[in-house]
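Listed below, chain by chain, are the residues.
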Amino acid sequence: MDSGPAGRAGKLPLGRSAEDVRRRVEALEKLLEHAFIVPGINQPVGMDFIVGLVPVAGDAIAAALGAYMVWEARNLGMSKTALARMAGNVGLDWLVGLVPFVGDAADFFFRSNTRNLRIIKRHLDKHYPSTVTLDQRGRDGR
């Protein structure tokens, strides 16, 4: 018996359907970009920011997780243009992340995984309308 979102926590589907992919990439984006709220400034941050604090290796790990979203998009049959745009978002995030302090600050303003999720959702909404869900967060991610 499913008890709503709390009952599904930690139970991501492993299937290849568009609905399963949507749930996985939404969960990954939330983990990478909106997992925690920074006290005092009420800004959400995720593992992308936390892991990015580790020089070089942290940015490589964050980029690998971002690349997973691109791989999921590829498996959905998204256009090469959309995939290139998504790869560019991940690449830019990784490149800027290599610069100490500047890259860490950039994670507050340039959320590549949120941008990539938006691209994937646009594709899913157009080509797989049965997977459309109501977005419960506002534009700022809260």
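In this text the structure is predicted, and so the values were computed from the model without any measurement.

Basis of the calculations
- Here the residue numbering is sequential within each chain, running from 1 through the sequence in written order.
- The predicted origin of the model limits local features to residues at a pLDDT of at least 70 and limits the giving and counting of side-chain atom pairs to 80 or more, whereas totals for whole chains, interfaces and linings rest on all residues.
- Only heavy atoms go into the side-chain values, all of them from the structure, while hydrogens and water stay out.
- Each helix corresponds to a stretch of at least 4 residues labelled H or I by DSSP, and each strand to a stretch of at least 2 residues labelled E; elements are numbered beginning at the N terminus.
- Under the scheme applied here, a residue whose accessible area is under 20% of the maximum for its type counts as buried, over 50% as exposed, and between as partly exposed, the area being computed with a 1.4 Å probe on protein chains only.
- Every residue pair with non-hydrogen atoms within 4.5 Å of one another is taken to be in contact.
- All accessibility values rest on the Shrake-Rupley procedure with a 1.4 Å probe; residue burial counts only the protein chains present in the view.
- For this quantity, the arc is that covered by the directions from the helix axis to the C-beta atoms.
- By nonpolar core we mean a set of buried residues, namely Ala, Val, Leu, Ile, Met, Phe, Trp, Tyr and Cys, connected to one another through side-chain atoms within 4.5 Å.

Chemist: When you look at the overall build of the chain in this model, what are you seeing that I'm missing?
Modeler: Within the chain one finds 7 helices and 2 strands. Listing the helices and strands of the chain from first to last along the sequence gives α-α-β-β-α-α-α-α-α. Here the chain, with 142 residues, has 39% of them falling under the buried criterion. Partitioning the contacts of the chain with sequence separation of at least 6, the portion at a separation of at least 24 is 58%. As displayed, the chain offers around 8,700 Å² of accessible surface, 64% of which is attributable to carbon and sulfur atoms.

Chemist: Got a minute to help me understand helix H6 (residues 102–109) in this structure?
Modeler: Side chains of residues three or four places apart in an α-helix project in the same direction, reflecting 3.6 residues per turn. Taken together, the buried positions of H6 are occupied by Gly103, Asp104 and Asp107. End-on view of H6: buried residues confined to an arc of 105°, all on one side of the axis. Along H6, exposed side chains directed more than 90 degrees from the buried face belong to Val102 and Phe109. The inward-facing, buried residues of H6 abut helix H3 (47–52) and helix H5 (80–97).

Chemist: Explain the nonpolar core here, please?
Modeler: Inside soluble globular proteins, nonpolar side chains tend to come together where they are buried. Formed by 19 residues in total, the largest nonpolar core has its most connected members in Val25, Met69, Ala73, Leu76, Met78, Met86 and Ile120. Elements supplying a minimum of two residues to this core: helix H2 (18–33), helix H4 (57–75), H5 and helix H7 (112–127). Apart from residues no more than four positions distant in its own chain, Ile120 is found in contact with Val25, Met69, Ala73, Leu76, Met78 and Met86.

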